[in-house]
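Examining the three-dimensional arrangement
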Amino acid sequence: GAVVSQHPSWVICKSGTSVKIECRSLDFQATTMFWYRQFPKQSLMLMATSNEGSKATYEQGVEKDKFLINHASLTLSTLTVTSAHPEDSSFYICSERGPLSNTEAFFGQGTRLTVV
Amino acid sequence: RKEVEQDPGPFNVPEGATVAFNCTYSNSASQSFFWYRQDCRKEPKLLMSVYSSGNEDGRFTAQLNRASQYISLLIRDSKLSDSATYLCVFYNQGGKLIFGQGTELSVKP
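Residues numbered from 1 in each chain as written. Chains lettered and ligands numbered in written order. Predicted model: local features only at pLDDT ≥ 70, side-chain atom pairs only at ≥ 80, totals over all residues. Heavy atoms only, no water.

1. Considering the overall build of chain B
Along chain B, the regular secondary structure elements total 0 helices and 11 strands. Across chain B, helices and strands are ordered from the amino to the carboxyl terminus as β-β-β-β-β-β-β-β-β-β-β. Referenced to the eigenvectors of the C-alpha coordinate spread, the extents of chain B come out at roughly 40 × 30 × 20 Å. Relative to its 109 residues, chain B shows a buried fraction of 45%. Sequence-distant contacts, at least 24 apart, represent 56% of the contacts inside chain B between residues at least 6 apart. Counting every atom, chain B has about 5300 Å² of accessible surface; 45% of that belongs to carbon and sulfur. Across chain B, the mean location of the 12 positive side-chain charges is 4 Å away from that of the 11 negative side-chain charges. (Helix = DSSP H or I, 4+ residues; strand = E, 2+ residues; numbered from the N terminus. Buried < 20%, exposed > 50% of the residue type's maximum accessible area, 1.4 Å probe, protein only. Contact = heavy atoms within 4.5 Å. Areas by Shrake-Rupley, 256 points an atom, 1.4 Å probe, with all protein chains shown as cover. Lys, Arg positive; Asp, Glu negative; His and termini not counted. Charge placed at Lys NZ, Arg CZ, Asp CG, Glu CD.)

2. Remarks on the side chain of serine 72 of chain B
Residues and elements named next belong to chain B. Its place among the elements puts serine 72 in strand β8 (residues 70–75). Relative accessible area serves as the criterion here: at 12%, serine 72 is assigned to the buried category. Setting aside anything within four residues of it in sequence, one finds serine 72 in contact with Phe21, Asn22, Trp35, Thr61, Ala62 and Gln63.

3. Some thoughts on the state of the cysteines
What is meant by a disulfide is a covalent connection between two cysteines, made through their sulfur atoms. Evaluation of the coordinates by the stated rule reveals 2 disulfides over all chains. Covalent S-S linkage joins cysteine 23 of chain A and cysteine 94 of chain A, the inter-sulfur distance amounting to 1.6 Å. Sign of the S-S torsion, about -85 degrees for the bond between cysteine 23 of chain A and cysteine 94 of chain A, identifies this disulfide as left-handed. In this pair, cysteine 23 of chain A is assigned in strand β3 (residues 19–25) and cysteine 94 of chain A in strand β9 (residues 90–97), connecting sequence segments 71 residues apart. Overall, cysteine 94 of chain A belongs to the buried group, its relative accessible area being 0%. For cysteine 23 of chain B, the disulfide goes to cysteine 88 of chain B, at an S-S distance of 1.8 Å. Here cysteine 23 of chain B, found in strand β3 (residues 19–25), pairs with cysteine 88 of chain B, found in strand β9 (residues 84–91); they are 65 residues apart in sequence, far enough to count as distant. Both residues of the pair, cysteine 23 of chain B and cysteine 88 of chain B, count as buried. This cysteine, cysteine 40 of chain B, is not joined by any disulfide, and cysteine 94 of chain A carries the nearest cysteine sulfur, 19 Å off. (Disulfide = S-S within 2.5 Å.)

4. Thoughts on the sheet that holds strand β8 (residues 76–81) of chain A
Residue and element names in this part refer to chain A. Spatial ordering of the open sheet is given by β1-β3-β8-β7, a layout of 4 strands whose pairing is antiparallel. Here the strands that pair on one side only, and so sit at the sheet edges, are β1 (4–7) and β7 (67–73). Neighbour-to-neighbour, the strand axes of this sheet turn through a mean angle of 15 degrees, independent of strand direction. (Pairing = 2+ DSSP bridges. Axes fitted to C-alpha atoms, helices over the stretch in contact; angles between N-to-C directions.)

Now the structure itself:
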């Protein structure tokens, strides 16, 4: 069964609006959640690392004020795309590492965002 | 040099063929390697971990060559359902999960 539940699976929004994506850990408490973005025919690119109870760590080139991450509880991390623009249209996906270090990662189902 | 490189393909093969993918990595400190499979518009799913001694799971064989810094995936007796993008994945020295760009496989009848 799923270890990470992500929703919505797809969303279409108007340019300028904000979209919130949720990732919920189902099997164990994830203190760390990773957020990725994937454009067509490209690899998953890490956007930020979400840490429960503290500020997220953003990768170089990712605007923290545009991609707001909240990890208020051990089981829930959210990514909010603020003032979305068409170029933000992408596949967003979260993942958490297994309970042991250097083990496989478990992914949410992904969210396909289309900004029109 | 890129942290990870994969041949994007596509690899177009007939059913029953044997196909192999390679993935090279630049940092010798990289560890814990995996092959993931990603279907169109879906999340990546673990296909298999890659162990230093090489490992096999049915029609799939994975190998790690630390000296030459690459991992490989061999698929025997290809099925139509094997059509997907195969991602090599590993943890870098900083503990981050790094993804290759993926190799697209298309198995034809």
